[in-house]
Amino acid sequence: MQTALTIIGSIIVAFVLLSFYSRWRMKKLPVVSDNAKILTLTNQNFNTEIKNKIVLIDFWAEWCMPCRMMAPVLNEVAETLPANMKVGKVNIEMYKGLAQQFNVMSIPTMILFKNGKEVKRFVGVKTRDFLLTKMNEQK
């Protein structure tokens, strides 16, 4: 009985240590700068920027580790898009009203707009190919 408790206790301690180590590693992830082609969206320019084109908008926050993981993926997506398709980002800490307007409950949330109307929504980390496929479906 005591051996079983010792083994279970060791497993729990190992899990806790692994959890702390993982969080420490995630915090050390470098912040990736946005590609020049990515639109920084605000309350003032949001409606204008999504009009008459296909736009994938990332609702994110600086403290969100999955959001930081998505930054290089979104940079790649933005680099490969034609002129009538764009990638935009909304910092939910700065523009809480936009996050509330589109019922963003968790981040990263990416919403695909076509001609100013929401057509698809994705939550969580996605691949470049997945995002490009979903955007190209809207052509």
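Along each chain, residues carry numbers from 1 onward, in the same order as the chain's sequence is written. Only residues with pLDDT of at least 70 get local features here, since the model is predicted, and only at 80 or more are side-chain atom pairs given and counted; chain-wide, interface and lining totals rely on the full set of residues. Excluding hydrogens and water, the side-chain figures rest on all heavy atoms present in the structure.

**Some details on a nonpolar patch on the surface**
Rules: Patch rule: a residue counts if its relative accessible area is over 30% and it has no salt bridge; like charges are joined within 9 Å, and nonpolar side chains (Val, Leu, Ile, Met, Phe, Trp, Tyr) within 5 Å. Each accessible area is a Shrake-Rupley result for a 1.4 Å probe, and residues are judged covered by the shown protein chains and nothing else. For salt bridges, the criterion is a side-chain nitrogen of Lys or Arg within 4 Å of an Asp or Glu carboxyl oxygen. Put simply, DSSP H or I for four residues or longer makes a helix, DSSP E for two residues or longer makes a strand, and each gets a number counted from the N terminus. Exposure is judged per residue with a 1.4 Å probe applied to protein chains only, and the accessible area is read against the type maximum: over 50% gives exposed, under 20% gives buried, and values in between give partly exposed.
The grouping of Ile8, Ile12, Phe15, Val16 and Phe20 at the surface amounts to a nonpolar patch, some 540 Å² of accessible area in total. Its place among the elements puts Ile8 in helix H1 (residues 2-27). By relative accessible area, which is 48% here, Ile8 ends up partly exposed.

**What about the environment of Met1?**
With respect to the helices and strands, Met1 occurs in the segment before H1. With a relative accessible area of 79%, Met1 lands in the exposed category. Residues Met1 and Val119 lie 118 residues apart in sequence; the distance between their C-alpha atoms is 58 Å.

**Some points on the pattern of salt bridges**
Taken as a whole, this structure holds seven salt bridges when the rule is applied. Two residues, Lys53 and Glu49, come together in a salt bridge whose shortest N-O distance is 3.9 Å. For Glu49, a relative accessible area of 23% translates into the label partly exposed. What emerges from the salt-bridge pattern is a single network uniting Glu76, Arg128 and Asp129.

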